[in-house]
Amino acid sequence: MSSSQEPNEKLVLQNYHRDLIAGSHILHYHNVVDAFGHLSVRHPFNPKTFLMSRNAAPGTISSPSDLVEYYIEDARPVDPNAPAGFLERCIHSECYKRYPSINSVIHSHSESVVPYTFSGVSLRACYHMAGFLGTSVPIWDIADAQKPDDISDLLVRNTHLGGSLAGSFAGSPDTPEHVVMLMRGHGFTVLAGSIQDCVMRAIYTQKNAAIQTTALITRAADPTATGGPVKYLSKKEVEDTTWSIRQSAHRPWGLWLREVEACGLYSNSA
Ligand SMILES: [Zn+2]
């Protein structure tokens, strides 16, 4: 590393810290996470590690001292004296390991989404903001991956469970077939190339689930409805809306930042 690079790298890392903390606040503000759930980002200068917060409610983290660097290989902290981390950080490490193109991961227990993980009703892209969901959103069932010694608490406690979850996104290392994976009786995990895109996908996954639920309740309330079958986005529509929304992807991040800065609950000193 040349000395001229060092100030730039320090500035970039500072931006990553700030966005990781802000993204955690945004996810809390939008009820995608509560005291549980987490956001991470691949380290910008060390592809073998990633950054996520210590074991704390995402809405309460506030400075780089709340962030921990982990090895992707086994989710071990780079600093052996780092503060305690999240139990489920193998979700993140195994997704980074399998998909080098993925730079940010979110895991959520969203109450709007969880019903679609175990009810037999499939989550489907039902409006233009959620084309990234594709034409189907698969469900990963942890019971299919558990070994006899694993604790059956539905949590992704180790690398082999995290590896199974990561593998279920399918596709190639450059392009996962899916970017959202439902987790039976638990929540969902979302992948993206940046913190901003990952937060956007997590929020709009939750919004799509809430809209779909409202639509299904509305329809069930009138069994005589004659408007035809529930109509979800077609393959062409999910492709074109995904492209279209990407043209405006910067817009919500600026709004969401202002929301968390103005509401008085959150602090970000990074
Ligand atoms: Zn979880």
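Residues numbered from 1 in each chain as written. Predicted model: local features only at pLDDT ≥ 70, side-chain atom pairs only at ≥ 80, totals over all residues. Heavy atoms only, no water.

In the annotation of an unreviewed UniProt entry, the entry for the protein reads Class II aldolase/adducin N-terminal domain-containing protein, and the organism field reads Cladophialophora chaetospira.

Draft legend 1. Focus on the coordination of the zinc ion. Of the protein atoms, only Glu88 (OE), His107 (NE2), His109 (NE2) and His186 (NE2) coordinate the zinc ion, at distances of 2.0 to 2.1 Å. Given 4 donor atoms and angles of 96 to 139° at the metal, the environment of the zinc ion is assigned as irregular. Mapped onto the sequence, the residues coordinating the zinc ion show the spacing E-x18-H-x1-H-x76-H. Residue histidine 109 is found in the loop between β4 (104-108) and α3 (115-118), and its partner histidine 186 is found in the loop between β6 (180-183) and β7 (187-192); the two are separated by 77 residues along the sequence. The class of histidine 109 is partly exposed, set by a relative accessible area of 25%. According to the relative accessible area criterion, histidine 186 is buried, its value standing at 8%. (Donors = N, O, S within 2.8 Å, 3.2 Å for Na, K, Ca; no water. Tetrahedral: all angles 85-135°; square planar, octahedral: opposite > 155°, others 65-115°. Helix = DSSP H or I, 4+ residues; strand = E, 2+ residues; numbered from the N terminus. Buried < 20%, exposed > 50% of the residue type's maximum accessible area, 1.4 Å probe, protein only.)

Draft legend 2. Fine view of the layout of surface pockets. In this structure, the largest pocket encloses a volume near 500 Å³. Looking at the lining of the largest pocket, the element that brings in the most residues is helix α6 (residues 235-246), giving 4 residues. Per-class residue counts for the lining of the largest pocket are 7 nonpolar, 9 polar and 5 charged. Within this model, the second largest pocket holds a volume of roughly 180 Å³. Lining the second largest pocket are Ala35, Phe36, Gly37, His38, Asn55, Gly85, Phe86, Leu87, Glu88, His109 and Leu155. Here the lining of the second largest pocket is composed, by residue class, of 5 nonpolar, 5 polar and 1 charged. (1 Å grid on protein atoms, 1.4 Å probe; cavity = no way out; pocket = protein on both sides within 12 Å on 5 of 7 lines; lining within 4 Å. Points joined across faces, edges and corners; volume = space filled by probe spheres on them. Nonpolar A, V, L, I, M, F, W, Y, C, P; charged D, E, K, R; others polar.)

Draft legend 3. Up close: the side chain of threonine 189. Of note, threonine 189 is situated in strand β7. A distance of 3.3 Å separates polar atoms of two side chains, one belonging to threonine 189 and the other to histidine 107. (Polar contact = N/O pair within 3.5 Å; in protein donor to acceptor, adjacent residues only side chain to side chain.)

Draft legend 4. A look at the nonpolar core. Among the nonpolar cores identified, the biggest contains 46 residues, and Leu27, Ile106, Val180, Phe188, Val199, Ile203 and Tyr204 are the most heavily contacted of them. The set of elements that each furnish at least two residues to this core consists of α1 (5-29), β1 (38-42), β6, β7, α5 (195-220), α6 and α7 (250-262). In terms of residue count, α5 provides more of this core than any other element does, 8 residues in total. Filtering out sequence-adjacent residues up to four positions away, leucine 27 remains in contact with Val32, Val33, Leu39, Ile106, Val199, Ala202 and Ile203. The next biggest cluster of nonpolar side chains, apart from the first, holds 24 residues, and it includes Ile72, Phe86, Cys95 and Val156. (Core = buried A, V, L, I, M, F, W, Y, C linked by side-chain atoms within 4.5 Å. Contact = heavy atoms within 4.5 Å.)

Draft legend 5. Region of the structure containing the pairing of β1. Most of β1 sits out of view: 5 of its 5 residues are buried. Taking every second residue as pointing to the same face, both faces of β1 are buried, with His38, Ser40 and Arg42 on one and Leu39 and Val41 on the other. Both β1 and β4 contribute to a ladder of 4 bridges, which runs antiparallel. Residue leucine 39 lies in a different strand from β4, and its bridge partner there is isoleucine 106. Here β1 folds back onto strand β2 (residues 49-53) in antiparallel fashion, the turn holding 6 residues. (Pairing = 2+ DSSP bridges.)

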